[in-house]
Amino acid sequence: MLKVWRWYQRCLSVHPLKTQVISSGFLWGFGDVTAQYITHSTAKPPPPPPLLRLTDTNKDADAVRDAEFKLNWKRVAITSMFGLGFVGPVGHFWYEGLDKFIKLKLRYVPKSTRFVAAKVAMDGLIFGPIDLLVFFTYMGYATGKNTSQVKEGLKRDFLPALALEGGAWPLLQIANFRYVPVQYQLLYVNIFCLIDSAFLSWVEQQKDAAWKKWFTTSFLTLKERGGTDGGV
């Protein structure tokens, strides 16, 4: 493992952009494989035959479900291309640029509380929403959806994903911006993106799940209340 890490360090020092692009593509593709398996494993099993004994229902249903699992390699490739074409290059320039901006423009002391807080805030308010918007838009068009279907997908998926990720990523980024050197910050993010890509792929595959409708309905209700209170 140490040899792999040293090899990665050498690649990063010689070809920083290329290394981060390739590693992003690999991790996002692997994350989608994980998401597909989780989606398959948590799917409701088909109804058992009428003559199937009650004690064997769960066992046989699980066996049928596991036997039918097939990896969608096209989807893996599409998701991997998102990491390769967007997360890798954009993330590379974003984290380096963000670090320079806060150091040179805001003139905050590196690793200080204000420095880390500014980074976390800008990352969460700027890069986070853009990343989600691009992901769901790209996945929609890449899987053959038309513009109206992509818009519907964004209405369905964007807010739930933003709300759930908004509770986790700031905590992860505090540690990232406080302790991780800037050249390794995208790698740190990509490691957690292994989980994040699985999560986003799972969200996208959940279609019209009840929990997603709850997020969207709650947001619209709050928006309507705000409009009503503002008009009074």
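Rules of the game
Residues numbered from 1 in each chain as written. Predicted model: local features only at pLDDT ≥ 70, side-chain atom pairs only at ≥ 80, totals over all residues. Heavy atoms only, no water. Axes fitted to C-alpha atoms, helices over the stretch in contact; angles between N-to-C directions. Helix = DSSP H or I, 4+ residues; strand = E, 2+ residues; numbered from the N terminus. Parallel < 35°, antiparallel > 145°, perpendicular 65-115°, else oblique. Contact = heavy atoms within 4.5 Å. Nonpolar A, V, L, I, M, F, W, Y, C, P; charged D, E, K, R; others polar. Phe/Tyr/Trp six-rings, centres within 6.5 Å; stacked < 30°, edge-to-face > 60°. Buried < 20%, exposed > 50% of the residue type's maximum accessible area, 1.4 Å probe, protein only. Salt bridge = Lys/Arg side-chain N within 4 Å of Asp/Glu carboxyl O.

### A closer look at the packing of helix 1 (residues 2-14) against helix 2 (residues 16-42)
Angle between the axes and distance between the axes are the two parameters that describe a pair of packed helices.
Moving on, step 1. Viewed as axis vectors pointing N to C, helix 1 and helix 2 meet at an angle of 125 degrees, and their least axial separation amounts to 5 Å. One element, helix 1, and the other, helix 2, form an angle in the oblique class. Here Tyr8, Cys11, Leu12, Ser13 and Val14 of helix 1 come into contact with helix 2, specifically with Pro16, Thr19, Gln20 and Ser23.
Moving on, step 2. When the residues that make up the contact of helix 1 with helix 2 are grouped by side-chain class, the tally is five nonpolar, four polar and no charged.

### Looking at the side chain of Asp99
Moving on, step 1. If you trace the backbone, Asp99 turns up in helix 4 (residues 73-105).
Moving on, step 2. The residues touching Asp99, leaving out its near neighbours within four places in the chain, are Phe115, Lys119 and Val182.

### Description of the packing of aromatic side chains
Moving on, step 1. All told, the structure shown has 15 aromatic pairs when counted by the stated rule.
Moving on, step 2. Seen from their ring centres, Tyr37 and Phe69 are 5.4 Å apart, and the 90 degrees between their planes marks the pair as edge-to-face. Of this pair, Tyr37 sits in helix 2 while Phe69 is found in the loop between helix 3 (57-67) and helix 4, placing the two residues 32 residues apart along the sequence.
Moving on, step 3. With 5.2 Å between their ring centres and 75 degrees between their planes, Phe82 and Phe135 make a pair best called edge-to-face. One end of the pair, Phe82, is in helix 4; the other, Phe135, is in helix 5 (residues 113-142), with 53 residues separating them in the sequence.
Moving on, step 4. Accessibility expressed as a relative area gives 0% for Phe135, which makes it buried.

### Section: the environment of Leu17
Moving on, step 1. In this structure, Leu17 sits in helix 2.
Moving on, step 2. The exposure class assigned to Leu17 is partly exposed, which follows from its relative accessible area of 32%.
Moving on, step 3. Spatially, the C-alpha atom of Leu17 lies 6.5 Å from that of His92, the residues being 75 residues apart in sequence.
Moving on, step 4. Those residues in contact with Leu17, other than ones at most four positions away along the chain, are Pro89, His92 and Phe93.

### A few points about the pattern of salt bridges
When the charged atoms of two side chains with opposite charge come close together, those side chains can pair.
Moving on, step 1. Overall, the coordinates contain five salt bridges when judged by the stated rule.
Moving on, step 2. The salt bridge partner of Glu152 is Lys155, with a shortest N-O separation of 3.9 Å. Residue Glu152 and its partner Lys155 are both found in helix 6 (residues 147-179); the two are separated by three residues, about one turn of the helix.
Moving on, step 3. Judged by its relative accessible area of 48%, Glu152 falls in the partly exposed class.
Moving on, step 4. Given a relative accessible area of 55%, Lys155 falls into the exposed group.
Moving on, step 5. Between Arg156 and Asp157 there is a salt bridge, and its shortest N-O distance comes to 3.1 Å.
Moving on, step 6. In this structure Arg156 comes out as buried when scored by relative accessible area, which is 17%.
Moving on, step 7. Beyond isolated ion pairs, a larger network of salt bridges with shared partners links Asp99, Lys103 and Lys119.

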